[in-house]
Amino acid sequence: ENVDSTTRNMINSLTEDILQLLHVRTPIENMDELVCSLGGRIEEDIRYSDGAVQKDGDAFIIWVSPLQDEKRRRFTIAHELGHLFLHMGYLTNHELWEKQENKVYQRIGNSEKEYQANEFAAAFLMPKKEYFRVMNENLDGNKVMTSKIAEHFHVSVEAASNRGKFLGYLKW
């Protein structure tokens, strides 16, 4: 596993708190609007293969590659929000946030922080309780129709499948 269960539970719990406190309704329909409502903005930039995030005064910028399909772009934005909340302290750790001068977080390799940001993205786009409900509404006998879960959350089948596996609902 890329993230140990303690860290996974912490990230899932934090994500639920953020969704609740910021009144984010899932499935999230419009990521760009959501980012604006959180005090940030999204800009497209060909220099980033997926995305990056940077502090911008009291706000933030999420850079996304224009070469991604809509589902990939949504996951990238959620991944960058993971860095923002978990690693940069935005709205979660004032001291850490104050230290984030012009540092750009972008995906480089498979570090622990990247795995954590992926975990955050999955939890943010597919909250645990809602995932469980949607999964149970999309059973065919004892077979889970992962494509229907993916459709509900506007994510790829791979993302929906991985989320179910990490939650222990689906077999690897």
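1. Topic: the overall build of the protein
Looking only at helices and strands, the protein features eight helices and six strands. Secondary structure elements of the protein, listed N to C terminal, follow the sequence α-α-β-β-β-α-α-β-α-α-β-β-α-α. The C-alpha extent of the protein, read off along each of the three principal axes, is 55 × 35 × 30 Å. Buried positions account for 49% of the 172 residues belonging to the protein. Residue pairs in contact within the protein that sit at least 24 positions apart in sequence constitute 60% of those at least 6 positions apart. As displayed, the protein offers around 9,300 Å² of accessible surface, 48% of which is attributable to carbon and sulfur atoms. In the protein, the 21 positive side-chain charges and the 27 negative ones have mean positions that sit 5 Å from each other.

2. Here's the deal with the confidence of the model for the protein
Mean pLDDT over the protein stands at 93; residues scoring 70 or higher make up 98%. The weakest mean pLDDT in the protein belongs to strand β4 (residues 104–106) at 78; the strongest belongs to helix α7 (residues 146–153) at 98.

3. A look at the pairing of strand β2 (residues 51–56)
Most of β2 is tucked away, with five of its six residues classed as buried. When β2 meets strand β3 (residues 59–64), the two strands line up antiparallel, connected through six bridges. Within β3, the residue paired with Q54 across the bridge is I61. The hairpin turn running from β2 into β3, its antiparallel successor, is two residues long, and G57 in that turn takes a positive phi close to 65 degrees. Relative to β4, β2 is paired through three bridges, and the arrangement is antiparallel. Looking at β4, one finds that V53 is bridged to Y105.

4. With respect to the pairing of β3
Burial runs high along β3: five of the six residues are buried. Across five bridges, strand β1 (residues 40–44) lies against β3 in parallel orientation. Bridge pairing links E44 to V64 in β3.

5. So, the pattern of salt bridges
Following the criterion strictly, the structure yields ten salt bridges and no others. A salt bridge links R41 to D56; the nearest nitrogen and oxygen atoms lie 2.7 Å apart. Here the residue R41 occupies a position in strand β1, and D56 occupies one in strand β2, the gap between them amounting to 15 residues. Taking relative accessible area as the criterion, R41 reaches 35% and is therefore assigned partly exposed. The partner of E137 in a salt bridge is R133, with the nearest N and O atoms 3.0 Å apart.

6. Observations regarding the packing of helix α6 (residues 128–137) against α7
Between α6 and α7, whose axes approach to 9 Å, the crossing angle comes to 135 degrees. The angle between the axes of α6 and α7 places the two elements in the oblique class. The chirality of how α6 crosses α7 is right-handed. Contacts between α6 and α7 involve E130, Y131, R133, V134 and M135 from the first element and I149, H152 and F153 from the second. Split into classes, the residues belonging to the contact of α6 with α7 amount to five nonpolar, one polar and two charged.

7. Let's talk about the side chain of T146
Checked against the element boundaries, T146 lands in helix α7. If sequence neighbours within four positions are ignored, T146 has contacts with V157, A160 and S161.

8. A closer look at unusual backbone geometry
Most peptide bonds adopt trans geometry, and most residues besides glycine take a negative phi value. Geometrically, the link from T26 to P27 is a cis peptide bond, its omega value of 0 degrees lying close to zero. By the secondary structure assignment, P27 is in the loop between α1 (5–21) and α2 (31–37). Even without being glycine, H154 reaches a positive phi, approximately 60 degrees. For H154, the position within the fold is in the loop between α7 and α8 (157–166).

Rules used in this analysis
- Residues numbered from 1 in each chain as written.
- Predicted model: local features only at pLDDT ≥ 70, side-chain atom pairs only at ≥ 80, totals over all residues.
- Heavy atoms only, no water.
- Helix = DSSP H or I, 4+ residues; strand = E, 2+ residues; numbered from the N terminus.
- Buried < 20%, exposed > 50% of the residue type's maximum accessible area, 1.4 Å probe, protein only.
- Contact = heavy atoms within 4.5 Å.
- Areas by Shrake-Rupley, 256 points an atom, 1.4 Å probe, with all protein chains shown as cover.
- Lys, Arg positive; Asp, Glu negative; His and termini not counted.
- Charge placed at Lys NZ, Arg CZ, Asp CG, Glu CD.
- pLDDT = per-residue confidence, 0-100.
- Pairing = 2+ DSSP bridges.
- Salt bridge = Lys/Arg side-chain N within 4 Å of Asp/Glu carboxyl O.
- Axes fitted to C-alpha atoms, helices over the stretch in contact; angles between N-to-C directions.
- Parallel < 35°, antiparallel > 145°, perpendicular 65-115°, else oblique.
- Left-handed = near helix turned anticlockwise from the far one by under 90°.
- Nonpolar A, V, L, I, M, F, W, Y, C, P; charged D, E, K, R; others polar.

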